[in-house]
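Analysis of the macromolecular model
As a plain string of letters, each chain reads:
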Amino acid sequence: MNVLLTGGAGYIGSHVLRALKSAGHECVVYDSLVKGHRRAAGKKLVVGDVADGQALRKALAENKIEAVIHLAAFIEAGESVVEPDKYFRNNTMIGLTLLEAMRDCGIKKMVFSSTAAVYGTPARVPIEEDDRLAPINPYGASKLCVEYMLSAYAAAYGLGIVSLRYFNVAGAHPTGEIGEDHQPETHLIPLVLQVPMGKRPGIKIFGDDYETPDGTCIRDYIHVCDLADAHVLAIGAVKAGQVKVFNLGNGEGFSVKQVIETCRKATGHPIPAEAAPRRPGDPARLIASSKRAMSELDWKPKFPDLPTIVQHAWQWHQKNPNGYGDK
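Here's what I pulled together on the structure shown here. (Residues numbered from 1 in each chain as written. Predicted model: local features only at pLDDT ≥ 70, side-chain atom pairs only at ≥ 80, totals over all residues. Heavy atoms only, no water.)

For the rest of this paragraph, the subject is the overall build of the protein. The helix and strand inventory of the protein stands at 10 helices and 13 strands. Against the 2.2 N^0.38 benchmark of 20 Å for 327 residues, the protein shows a C-alpha radius of gyration of 19 Å, consistent with a compact globule. Principal axes of the C-alpha set define a box for the protein whose edges measure 55 × 40 × 40 Å. Sorting the 327 residues of the protein into buried and exposed places 54% on the buried side. Across the protein, every contact between residues at least 6 apart in sequence was considered, and the portion connecting residues at least 24 apart equals 79%. (Helix = DSSP H or I, 4+ residues; strand = E, 2+ residues; numbered from the N terminus. Rg over C-alpha atoms; globule rule 2.2 N^0.38 Å. Buried < 20%, exposed > 50% of the residue type's maximum accessible area, 1.4 Å probe, protein only. Contact = heavy atoms within 4.5 Å.)

Right, here's the structure in full:
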């Protein structure tokens, strides 16, 4: 199948690209390179913004695209609280632009990169797909708006949609060839690993007074390669006129302090840590139930344990201390 990956030069996109190609799909990456990296994008790269509907239509038509995996988005919850316009403009409005381009080009299959942030502060954990949707930050709201649009387009135009709600994605490809490189970096595991790499003196823990066993936020960490494999399965599960939603996580939560301790063991470095005020928009616990994905997609994580996730991330950073080196 000919697949277009918006945001395919990014962290998750580059791993999805590799998984799709391994499964025999022909892939074109469509990326502005504002956040992505040319080195991660593979050989078929169209440099463009999803907001540019004309360029997008050209890429879809010229490459005879049959399905779209939409990964392009801004993803920082804290930033979205202080710059909501940036998130609704980039995440929600480009979602509409993409859907219009797909409709005009007769493309009826999409896998959408959604987020656990659509749940907000959950009423229970683990979270199931039919639980209440009540985002507490503009990032989650911007993604939920797209989910609503997807449902409307499926009903009106017969699109087939699979929406994947990611929990905390981490790790890197076991070969160390591709991995996480954000500028600036805001994700916990790579930030912690910057300490043993000599890039920061210590790590800040944003909030140690949550109602959790050790007072720090608990998150469900999923290996990026397991996440990528789910996209391959999702492409095969798209059905015309239907919207399917799947959580992607491990079903097990780890606190910030547990993550730091795992990084200490992986690197042999003491990694000093100090408490700091809570960040706005951070719920105390986010843990997924991925039973639906396991049952309906026949998905099973290969790397479910936190030490392996951290070890693969550490291998990437050791091999690529300056990331892709293009920013």
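Generally speaking, nonpolar side chains in soluble globular proteins are found buried as a group. Judged by nonpolar contacts, the single largest core of 37 residues is most densely connected at Leu5, Ile12, Leu20, Ile69 and Leu248. Counting residues per element, the ones that place at least two in this core are strand S1 (2–6), helix H1 (11–22), strand S2 (26–31), strand S4 (67–70), strand S6 (160–166), helix H7 (224–237) and strand S10 (243–248). Ranked by residue count, the leading element in this core is H7, at 9 residues. Contact partners of Ile69, with chain neighbours within four places excluded, come to Val3, Leu4, Leu5, Thr6, Val16, Leu20, Val111, His231 and Ile235. (Core = buried A, V, L, I, M, F, W, Y, C linked by side-chain atoms within 4.5 Å.)

Okay, unusual backbone geometry next. Between Val125 and the following residue, Pro126, the backbone shows a cis peptide bond with an omega angle of 0°. Between Gln183 and Pro184 the backbone carries a cis peptide bond, its omega angle lying at 0°. Among the secondary structure elements, Pro184 is positioned in the loop between strand S7 (168–170) and helix H6 (188–193). Notably, Lys64 is not glycine yet its phi reads approximately 50°, a positive angle. As for its position among the elements, Lys64 is in the loop between helix H2 (53–62) and S4. Of note, the phi angle at Ile271 is positive, near 45°, even though the residue is not glycine.

Right, let's get into the layout of surface pockets. As a volume, the second largest pocket reaches approximately 190 Å³. Together, 15 residues line the second largest pocket, and Asp181, Gln183, Gln194, Lys199 and His317 are the ones closest to its centre. The residue inventory of the lining of the second largest pocket, partitioned by class, reads 4 nonpolar, 7 polar and 4 charged. (1 Å grid on protein atoms, 1.4 Å probe; cavity = no way out; pocket = protein on both sides within 12 Å on 5 of 7 lines; lining within 4 Å. Points joined across faces, edges and corners; volume = space filled by probe spheres on them. Nonpolar A, V, L, I, M, F, W, Y, C, P; charged D, E, K, R; others polar.)

Here the focus is the environment of Thr6. Tracing the sequence through the fold places Thr6 in strand S1. Setting aside residues up to four positions removed in sequence, Thr6 forms contacts with Tyr30, Val50, Val68, Ile69, His70, Leu71, Ala72 and Leu98. Side-chain polar atoms of Thr6 contact the side chain of His70, separated by 2.6 Å. (Polar contact = N/O pair within 3.5 Å; in protein donor to acceptor, adjacent residues only side chain to side chain.)

Attention now goes to the sheet that holds strand S3 (residues 45–47). Two pairing modes exist for strands in a sheet, parallel and antiparallel, and in both the strands are linked by backbone hydrogen bonds. In space, the 7 strands of this open sheet follow the order S3-S2-S1-S4-S5-S6-S10, with parallel pairing throughout. With partners counted over all chains shown, the strands left at the sheet margins are S3 and S10, one partner each. Averaged over all pairs of adjacent strands, the angle between their axes in this sheet comes to 20°, without regard to strand direction. Of the pairings in the sheet, the one linking strand S5 (residues 109–115) to S6 comprises 7 bridges and is parallel in character. Note on S6: the bridge partner recorded for Ser113 is Leu164. Where H1 meets the sheet, its contacts fall on S1, S2, S4 and S6, and the angle it forms with S1 comes to roughly 170°. Contacting S1, S4 and S5, helix H4 (residues 84–105) crosses the sheet at an angle of about 175° to S4. (Pairing = 2+ DSSP bridges. Axes fitted to C-alpha atoms, helices over the stretch in contact; angles between N-to-C directions.)

So, about the pattern of salt bridges. Pairs may arise between side chains of opposite charge once their charged atoms sit close together. Taken as a whole and judged by the stated rule, the model has 14 salt bridges. Asp104 is the partner of Arg57 in a salt bridge, and the nearest nitrogen-oxygen pair spans 2.8 Å. Of this pair, Arg57 sits in helix H2 while Asp104 is found in helix H4, placing the two residues 47 residues apart along the sequence. Using a relative accessible area of 26% as the deciding quantity, one classes Arg57 as partly exposed. The partner of Glu147 in a salt bridge is Arg165, and the shortest N-O contact between them spans 2.7 Å. With a gap of 18 residues between them, Glu147 in helix H5 (residues 138–157) and Arg165 in strand S6 connect regions that are remote in the sequence. On the basis of relative accessible area, Glu147 is assigned to the buried category, the value being 7%. Its relative accessible area of 3% is what places Arg165 among the buried residues. (Salt bridge = Lys/Arg side-chain N within 4 Å of Asp/Glu carboxyl O.)

This part covers the state of the cysteines. Counting across every chain of the model gives 0 disulfides. Between Cys263, a free cysteine, and Cys217, which holds the nearest cysteine sulfur, the sulfur-to-sulfur gap is 16 Å. (Disulfide = S-S within 2.5 Å.)

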